[in-house]
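# Close look at the chain arrangement
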Amino acid sequence: MNKLIIVCLLFAVLGCTYADVAADCICPMIYDPVCSASGKTFPNQCTMNCYVGEVLATRGACVTRK
């Protein structure tokens, strides 16, 4: 439970809620950004995989088009 809270605090910018994150998800704190199909940038693929329903779109931070 404490690890879930830490994950949510670290990634609060991504709109983390309890239902979004797998309870047993533990990831290294390595910055290797990935962009999900929903347009959210995650610090690494492991972290993205912890979020229910997120799938990889591209490696690197998401690019917003104007």
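Read on for a plain summary of the structure. Bear in mind the structure is a predicted one, so any value in this text is a computation, not a measurement. (Residues numbered from 1 in each chain as written. Predicted model: local features only at pLDDT ≥ 70, side-chain atom pairs only at ≥ 80, totals over all residues. Heavy atoms only, no water.)

## Here we look at the overall build of the protein chain
Tallying secondary structure elements over the protein chain gives 2 helices and 3 strands in all. Seen in sequence order, the protein chain has helices and strands lined up from the N terminus as α-β-β-α-β. In the protein chain, which comprises 66 residues, the share counted as buried stands at 32%. Total accessible area on the protein chain stands at roughly 4600 Å², and carbon and sulfur atoms take up 63% of it. (Helix = DSSP H or I, 4+ residues; strand = E, 2+ residues; numbered from the N terminus. Buried < 20%, exposed > 50% of the residue type's maximum accessible area, 1.4 Å probe, protein only. Areas by Shrake-Rupley, 256 points an atom, 1.4 Å probe, with all protein chains shown as cover.)

## Remarks on the pattern of salt bridges
Enumeration according to the criterion identifies 1 salt bridge in this entry. Of the charged contacts, one joins Glu54 and Lys40 as a salt bridge, the two residues approaching to 3.7 Å between their closest N and O atoms. A residue pair is termed long-range when its members are at least 10 positions apart, and Glu54 in the loop between α2 (45–50) and β3 (56–59) and Lys40 in the loop between β1 (34–36) and β2 (41–42) qualify at 14 residues. (Salt bridge = Lys/Arg side-chain N within 4 Å of Asp/Glu carboxyl O.)

These values are about where atoms sit, not about what they do.
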